[in-house]
Amino acid sequence: MKARLHPNEGVIAMQFQSPLSVEDAVAFLADDQNARILSGGTDLLVRLRLGHIAPSKIVDIKKIEGMRSITREDGGFRIGAAVSGAEMNENHDLYLAWPGVVEAAGLIGSTQIQGRATIVGNLCNAGPAADSVPALVAASATARIAGPSGVRDVLVQDIPIAPGQTSLKIGELVTSIFLPAQPVNGSDAYLRFIPRTEMDIAVVGCGVSLKLDSAGTVVQARVALGAVAPTVLLVENAAEILIGTQLDDDALSALAEASSSVANPIDDKRGTIAFRKDVSGVLTCRAAKIAYSRAKGTVK
Amino acid sequence: MSQIHVKTIINGDASEFLCAADETLLDVLRDRLDLTGSKEGCASGDCGACSVTMDGRLVCACLVLGAEADGTEITTIEGMATGENLHPLQQAFLDHAALQCGICTPGFLVAAKSLLERNPDPTEEETRYWLAGNLCRCTGYDKIVRAVLDAAKIMRETA
Amino acid sequence: MPKDEFTPRTFSVVGTRPLRPDGIDKVTGRARYGADISAPGMLTGMVLRSPHAHARICSIDTSVAAAMPGVKAVITRADFPVHPENNGTADVLDNCMADKKALYDGHAVAAVAASSRRAALDALATIKVVYEVLPHVLDVDEAMKLDAPILHKGRKQEGVPADVSDNVLTRTEYGHGDPEIGFQMADLVIERQFKTAATHQGYIEPHSCLATLGSDGQGDLWVCTQGHYMARNTCAEILGLDSGCLRVTPSEIGGGFGGKTTVFLEPTALLLSQKSGRPVKMTMTREEVFRASGPTASTSIDIKIGMTKDGTITAAKGDYRYQNGAYEAMNGTLGAMTGFAPYDLDHVNTVGWDVVTNRPKAAAYRAPGAPMAAFAVESVIDELAYKLGLDPIEVRLKNAAREGTKSAYGPTYPAIGLEATLKAAKSHPHWSAPLGENQGRGVACGFWFNFGGDTCVSLMVNPDGTVSLSEGNPDIGGSRAAMSMMAAEELGIPMERVRTIIADTAALGQNEVTDGSRVTFAVGLATIKAARHAIQIMVERAAMTWGIDPEAVEWVDGAAQPAGPNAGKHPPMSLAEIAAIASNTGGPISGHFEVNAEGAGVSFGTHIADTEVDPETGAVKIIRYTVFQDAGKAVHPSFVEGQLQGGAVQGIGWALNEEYIYGKDGTLQNAGFLDYRIPVASDLPMIDTAILEIPNPGHPYGVRGVGETGIVPPLAAVANSVSRAAGVRMTSLPMSPPKVLAALKKM
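Counting from 1, residues in each chain are numbered in the order their sequence is written. Chains carry letters and ligands carry numbers; both start at the beginning, A for chains and 1 for ligands, and go up in the order they are written. Reporting of local features is limited, given that this is a predicted model, to residues whose pLDDT is at least 70; pairs of side-chain atoms are given and counted only at 80 or more, and all residues count toward the totals for whole chains, interfaces and linings. Processing note: side-chain calculations cover all non-hydrogen atoms of the structure and skip hydrogens and water entirely.

What follows covers helix 20 (residues 737–746) of chain C. Each residue's exposure class comes from its accessible area (1.4 Å probe, protein chains only) as a fraction of the maximum for that residue type: buried when under 20%, exposed when over 50%, partly exposed otherwise. Numbering of helices and strands runs from the N terminus, with a helix taken as a DSSP run of H or I at least four residues long and a strand as a DSSP run of E at least two residues long. All of the buried residues along helix 20 of chain C are P737, P738, V740, L741, A743 and L744 of chain C. The inward-facing, buried residues of helix 20 of chain C contact strand 11 (186–193) and helix 11 (273–297) of chain A together with strand 24 (603–613), strand 25 (620–630) and helix 19 (714–726) of chain C. Any pair of residues with heavy atoms lying within 4.5 Å of one another is described as a contacting pair.

Attention now moves to empty space enclosed by the protein. Grid points spaced at 1 Å and placed over the protein atoms alone form the basis of the search, with a cavity being a set where a 1.4 Å probe fits but cannot get out and a pocket an open set showing protein on both sides within 12 Å along at least five of seven lines. Lining residues have an atom within 4 Å of a point. Grid points are joined across faces, edges and corners, and a volume is the space filled by probe spheres set on the points. Scanning the model with the defined rule gives 5 cavities of 30 Å³ or more in all. Together, V47, R49, N95, C96, Y104, A108, F264, L265, T268, M284 and A292 of chain C line the largest cavity. Those elements that place two or more of their residues in the lining of the largest cavity are strand 1 (43–49) and helix 3 (88–96) of chain C. Under this grouping Gly is polar, as are all residues other than the nonpolar Ala, Val, Leu, Ile, Met, Phe, Trp, Tyr, Cys and Pro and the charged Asp, Glu, Lys and Arg. Residue classes in the lining of the largest cavity are distributed as 8 nonpolar, 2 polar and 1 charged. Taken together, L123, A126, G127, P128, A130, V133, P134, P160, P230, T231 and V232 of chain A make up the full set of residues lining the second largest cavity. Marked domain ranges trace back to an automatic or database domain assignment. For the lining of the second largest cavity, the domains that each give at least three residues are domain 2 (70–179) and domain 3 (202–297) of chain A.

Let us look at the nonpolar core. A general trend in soluble globular proteins is that nonpolar side chains are found buried together. F93 of chain B together with I303, I305, F340, Y625, V718 and M735 of chain C are the most contacted members of the largest nonpolar core, which has 226 residues in total. Sort the elements by how many residues they give to this core and helix 11 (residues 370–387) of chain C lands first, with 11 residues. In this structure, M735 of chain C is in contact with A655, L656, V718, A719, V722, M730 and V740 of chain C, ignoring residues within four places of it in sequence. By convention a nonpolar core is built from buried Ala, Val, Leu, Ile, Met, Phe, Trp, Tyr and Cys residues, the set being connected through side-chain atoms within 4.5 Å.

Residues and elements named next belong to chain C. Note that the residue after L733, namely P734, is joined by a cis bond; omega there is 0 degrees. As for its position among the elements, P734 is in the loop between helix 19 and helix 20. With a phi angle near 70 degrees, N450 is a residue other than glycine that sits in the positive phi range. Within the element layout of this structure, N450 appears in the loop between strand 16 (439–448) and strand 17 (453–461).

With 51 residues of chain C in contact, the opposing surface of chain B contributes 43 residues. Using a 1.4 Å probe, buried area is obtained as the accessible area two parts lose upon being combined, added over both of them. Summed over both partners, the interface of chain C with chain B comes to about 3,900 Å²; 58% of that surface belongs to carbon and sulfur atoms. Among the residues of chain C in contact with chain B, V27, I204 and M686 of chain C are the three that bury the most area, contributing 20% of the side total. Salt bridge, as used here: a side-chain nitrogen of Lys or Arg that lies within 4 Å of a carboxyl oxygen of Asp or Glu. Our count for the chain C to chain B interface comes out at 5 salt bridges. The partner of E658 of chain C in a salt bridge is R137 of chain B, with the nearest N and O atoms 2.7 Å apart. A 3.5 Å cut-off defines polar contacts: any pair of N or O atoms within that distance qualifies, except that in protein one atom must be a possible hydrogen donor and the other a possible acceptor, and neighbouring residues in sequence count only when both atoms are side-chain atoms. Linking chain C with chain B are 25 residue pairs in polar contact (both at pLDDT 80 or more), by the criterion used here. Looking at the side of chain C that touches chain B, the elements with two or more residues in it are helix 1 (23–28), helix 18 (637–656) and strand 26 (687–692) of chain C.

Here we take up the domain arrangement of chain A. Assigned domains of chain A: these are domain 1 (15–60), domain 2 (70–179) and domain 3 (202–297). Put simply, the middle of domain 1 of chain A and the middle of domain 3 of chain A, counted by C-alpha atoms, are 36 Å apart.

Looking now at the interface of chain B and chain A. Listed per partner, the contact involves 32 residues of chain B and 30 residues of chain A. Ranking the residues of chain B by area buried against chain A places R57, L63 and E68 of chain B at the top, with a combined share of 26%. The interface formed by chain B and chain A includes 5 salt bridges. Taken together, the connections running from chain B to chain A amount to 8 residue pairs in polar contact (both at pLDDT 80 or more). Residue assignment for the side of chain B that touches chain A shows that the elements contributing at least two residues are strand 3 (51–54), strand 4 (57–60), helix 3 (105–118) and helix 4 (124–130) of chain B. Ranked by the residues each element gives to the side of chain B that touches chain A, the list is headed by strand 4 of chain B, at 4 residues. Partitioned by chemical class, the residues of the side of chain B that touches chain A number 17 nonpolar, 7 polar and 8 charged.

All names here are of chain B. When cut into domains, chain B gives domain 1 (4–78) and domain 2 (88–158). With centres defined by C-alpha atoms, the gap from domain 1 to domain 2 works out at 22 Å. Counting from both sides, the interface comprises 14 residues of domain 1 and, opposite them, 13 residues of domain 2. Approximately 1,000 Å² of surface area, both sides summed, lies buried where domain 1 meets domain 2, with 61% of it carried by carbon and sulfur atoms. Connecting domain 1 to domain 2 are 0 salt bridges. Scanning the region where domain 1 abuts domain 2 turns up 5 residue pairs in polar contact (both at pLDDT 80 or more).

Take a look at the structure:
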């Protein structure tokens, strides 16, 4: 049974800090193992209210320079840790390059949630069903981590290590996500399955990133699944199945099969094992088709 | 625990308050500032009854800390009408009987106003998706969606 | 009391669509709901709840909590007066505060009042409860077995057989004829078992109240409730108070749907107030709302129906097994009464079982018990029609109950509107519109009794000719507007001249809860009668002024006038003119009416649902929906449409995604709006409505209640639609995507 602490149990003197620099933020975090980072707050405040966490300190990173901006870098995009889903969706260049990532970010919660929720928060909560993570993994995104021992860049797929747990060390925080330059004839897509049309957590999520040659044949492919394992899953043999094809029916059914078989879900209140495995295959094909047509649309 | 001193502008008026670190903006609005038009339906961002705007962005006040409001501009349902003149959305909700119990109405109005500020001519589908974070259990949404679309039309015609 | 005869008439106010008088308050945020009020010196009350589905409470130690700073009162069940076991009040109290056993996850076991929410939470965390965890049971069929864990011993009522467990509290039986004979006459007999999950009313406003109770037993309670008289009477009985000493004032109510027809926090808040000497406000969290209020019954139902090739139903049998949570309720009985109510049957037999389980006690939810029964019955009728190649509306028309039909639950119907709704559905463009790939169309009927009950209305004629109307039923969907309209209609003055308020419990006599779709009918009837009473007085005053006999004066278009040439020549005296001189003609004028209203008039509806099923994921989309319902007379058609649309969408949620999900340990897994999935705006199309008006003979204007029937057909309409779209019969709700996909794969 999930522990039901009383709301805010044990909180005696929670503090609120809003540092102006990454160094100060790192110092606050390194100083206090029970500190929590506040960015969009759409998960943190819910858990705080339910009493599932009882931090001694909240470190609001939104006032740190760069945290709220999207900048071009090496042909790609650096997205600050406090950039909201709505802000990502309003960045036209970002959408053109990585529509799947932007749509994944845009699926997190309602319009109200979109005004606050961030992909870094989505990543660092390490929820198995995080919408943006499969899309980021398919896109080969990296996270920049600042900590007491300096700055390092890590592949997004290496951040979550278990439900609710990340590879971040004490005092570390993710300051931005980097999306590499979208190759010519490349694009991506993300789809998720939810019981309603909105307001649900993904039962299955699938991100697909494809690069084609000028003839429309797949030359690079990355497929990632969410909500079907403790952490995001890369469908390792997707590239093998798709490269050299033009997404014909055989390739798609092999892809669906690969996706369903790699999925390793649980039965819970959101779906059954059988359902999640089936839908993994279905969504992978659907997302691949979208990514393919998008990539093909860029063929000059 | 010392309290945090916060300076904001709420519905156009300068407002200062003290709050604890774990108090939400919704707690502050309702319990400290007597702005009870924003409702607490879930305290988890799932119902939208506490919708307000913060620096022009639609948010759930239950998912914002009071301390985060420092230096921001907040608008709530109490700031929607101008004196005795209702906002066209408020009038449309009355004209279309778009409320029954009325508990979700403030949140819907604030959210719909935010929609029409960004998109003066939304489709029915755009309206439904924009408002998907606002739960209504009485109406089945039919009359709410009609009211928003009608208010949009009236606002376009009088703009 | 004689039933009021309906008299055909033309209306000038009733049937129009004026703006609601409480509208501006509600669109500006000024309206005050349960949690929107505070009092000087107010404390925050909070409840400690059982984390176990079924556990003996061995001990509760509140000593640390009581000594904490800011804590002003701590109570457990031991602080409440003792009531004899096995009576209704004891059950209500037991549900508010557990006694020897916690009977469900979320059952209250202690409460504190403290100077802040934080202090209250910190205090709750120190209360030590020693539980002995007991085996639990959640499913109705499991709970009926003789070896099931037993919640209450020795409460089986007469008629419950020995071969079921003590969890079965009642067994009821209805019907006539001999189904076994009828089945032999059928060309096709279908028997199926159906399951429905428990759902919650899902009102957006959590339960909230503000209580003040002195050591002298004088108290005030502000509360969001569907019935403040119920709240007063129940709290007074639980706490041993004189009900006249407790004044209850209803707040604006943020939805109820039946879920606010009982008390949860109120007795606790009053007792905390008395112990602390301070006002105490209590508001449930959303999690508490799901764990400890609502929900409705989950069910297991067997239906067997026989039909001839021409669509005549020859016999029908139903076995309705409902679990009502931890205490007695009658959802199963109501299911057994309502399931076959739309049909004219020669041979029918139904049995209802009401069973307790380790879940929160079921509260009423819009036509309680009926939607699940209709789901089962209407599914089998649909399947029979499908397999016999018959039109499902024609089949229903062929068997439809009409005036004079002996109903399956006993009474013989007066004029009713089922046939009208079916004919309207049949001729509606929706019924003949083309369907696309993977789409299906379902139709279903539904019935609800409607209710009258104790009702009081006072109508005051003010000196300036305006009218103040006091009624005693919380306005949950626009009833203040409806009452003002009916008073204005009767008095012959504009609706804007009549302001209706919901009076507190000290201002009027007893009023039944806002439930049973009774308010527009019963309070409307009392309003009309109170207006007639005031008119009678005004006629007398005019007669006195003119020096003629009151019998020679009539009331026409808002004024008294001589009834004929023999009465003399006097210019009409308007209501305002009579009001202005009332002080000189005998004093202030008011009318009132008190009644136990009968003749509510049963209600029927027919729904058409179109759905599209994604064959690869099992996802269901509602693509078109139309409601046909008999309103008797729609006083405010927009509000009637709203009731039909709201009921339909609640039913759609019930059909597709809403359900209480429990873990193996008996704890609720989805106590929040994230995973308890009520429909959101983007899930739905517009909900079309067609209001039929077959006058209720029991109401002066022909009004029938409309609030509940709208939730009865949609479970079946959607299920029939999905079954036809998917090509496989869906017999278990909700039809969530995993269930639909699994059914598709089994084909």
